[in-house]
Amino acid sequence: MKKLLLKTVLYIILILISLEVIVRVFHLAKDNPSRFVDKHKVEKWVPNQEGYSVTGNRRQNFSKFYINQSGYNSYREFTPSEEKIEVALVGDSFIEGFHQNYYNSIGKKIENRVAGIEVYEYGYAGYDLADQLHLISAYKDTFDKIDHVVLGLKFENDLLRSEYQVVQDRMHLESSLYRKAREIKLLVYTQNIGILEPLWKLAGKLASIGKKRKNIPVKVIAKEEVETKHFTYIKNFKSLIDKYGFDKERFVFLLDTEITPKLFLDYLSDNNFKYVDMYKALSVSKSPTTLIYDRHWNNHGRELIAELIANYIKQ
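For clarity, every value in this text was computed on a predicted model and none was experimentally measured.

Reading the values: rules and limits
- Residues numbered from 1 in each chain as written.
- Predicted model: local features only at pLDDT ≥ 70, side-chain atom pairs only at ≥ 80, totals over all residues.
- Heavy atoms only, no water.
- Helix = DSSP H or I, 4+ residues; strand = E, 2+ residues; numbered from the N terminus.
- Buried < 20%, exposed > 50% of the residue type's maximum accessible area, 1.4 Å probe, protein only.
- Lys, Arg positive; Asp, Glu negative; His and termini not counted.
- Charge placed at Lys NZ, Arg CZ, Asp CG, Glu CD.
- Salt bridge = Lys/Arg side-chain N within 4 Å of Asp/Glu carboxyl O.
- Polar contact = N/O pair within 3.5 Å; in protein donor to acceptor, adjacent residues only side chain to side chain.
- Contact = heavy atoms within 4.5 Å.
- Axes fitted to C-alpha atoms, helices over the stretch in contact; angles between N-to-C directions.
- Parallel < 35°, antiparallel > 145°, perpendicular 65-115°, else oblique.
- Left-handed = near helix turned anticlockwise from the far one by under 90°.
- Nonpolar A, V, L, I, M, F, W, Y, C, P; charged D, E, K, R; others polar.
- Pairing = 2+ DSSP bridges.

(A) Structural context of the overall build of the protein. Helix and strand counts for the protein come out as 14 helices and 9 strands. In terms of its C-alpha atoms, the protein occupies a principal-axis envelope of roughly 80 × 50 × 45 Å. Counting only residues that meet the buried cut, the protein has 43% of its 315 residues in that class. Charge-centre separation for the protein: the mean point of 47 positive side chains lies 10 Å from the mean point of 40 negative side chains.

Structural data, given as structure tokens:
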């Protein structure tokens, strides 16, 4: 019995080592770049990293990223000057572009459409409006030289807070425990494709055995609550604009009017905030504009977004 147990443990270890080798050789697990908070309290990626972003259990999406000296995924360095024409794209993971090769990004697509410009992509997963405006304020000398600044804005996600603070939940991912766990590519792979999720649920059920379960009633959100929430988001928007300022000549929002409340759109129009609407361009497309497994734009969707921004710049 003891011999059988030892053999079983040995075989399990060998199988796990073999699987780890397979995942590494065929690059089935994504690389996770390290992040940090710089001296201006701006959260970004550690400069000069490169690797591959992988999604799906059969490498449904496989793309290369490169973090430049400014700490963002881009094929070029950010060197604005008074002599050149530059455009800054500021936003979350949609601008960050880990779902596409960094040398075929939205910024590159815009440059292909508008001769003589440079596009700087300040994209970072999780950035909301507070992150974006704090970034622009912290690097004011840099952004003052940039001719056009496009800020991605999703009303329901990006106006949850009225002031900027470093998001500690994201920075916890840089703890020594998480870093060591990321070095085990088999663990990263199984986590990404959802194999471990049933095990976590099973562990939760086992832990709750013997405990009295509470029946949580389904909450119906009243119209008044929705309106109150929207007013709160607009109040947060005003607070951020008052704190950081907003250059209405150079700055423009990129948003989807289909999922943006009319109340907020009216506020933007009444107060002379410019925005580029991506709803029509994406909705009339006969080809899919997002990836199969999540809502990020695919290459076609990025082409449409690049065309929208390029047309705005030309105008």
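Next, the rest of the story.
(B) Region of interest: the side chain of Glu 86. Tracing the sequence through the fold places Glu 86 in strand S5 (residues 85–91). As a buried residue without a salt bridge, Glu 86 has its nearest oppositely charged side chain in Lys 84, at a separation of 4.4 Å. One polar contact links the side chain of Glu 86 to the main-chain amide nitrogen of Ser 81, over a distance of 2.9 Å. Excluding anything up to four places from it in sequence, Glu 86 contacts Thr 79, Pro 80, Ser 81, Glu 118, Tyr 120, Lys 145, Ile 146, Asp 147 and His 148.

(C) Highlighting the packing of helix H11 (residues 223–244) against helix H12 (residues 262–270). Running from N to C, H11 and H12 point in directions that differ by 30°, and their axes come no closer than 10 Å. When the interaxial angle is binned, H11 and H12 end up roughly parallel. Regarding H11 and H12, the two cross each other, and that crossing is right-handed. Of the residues in H12, those touching H11 at His 230, Phe 231, Ile 234, Phe 237 and Lys 238 are Leu 263, Phe 264, Tyr 267 and Leu 268. Here the contact of H11 with H12 is built from residues that sort into 7 nonpolar, 1 polar and 1 charged.

(D) Focus on the pairing of strand S6 (residues 117–123). Here S6 lies mainly inside the structure; 7 of its 7 residues are buried. Burial along S6 is two-sided: the face carrying Ile 117, Val 119, Glu 121 and Gly 123 and the face carrying Glu 118, Tyr 120 and Tyr 122 are both buried. In this sheet, S6 lies alongside S5 in parallel orientation, the contact comprising 7 bridges. By the bridge assignment, Gly 91 is partnered in S6 with Gly 123.

The quantities given are spatial measurements derived from coordinates; they are silent on function.
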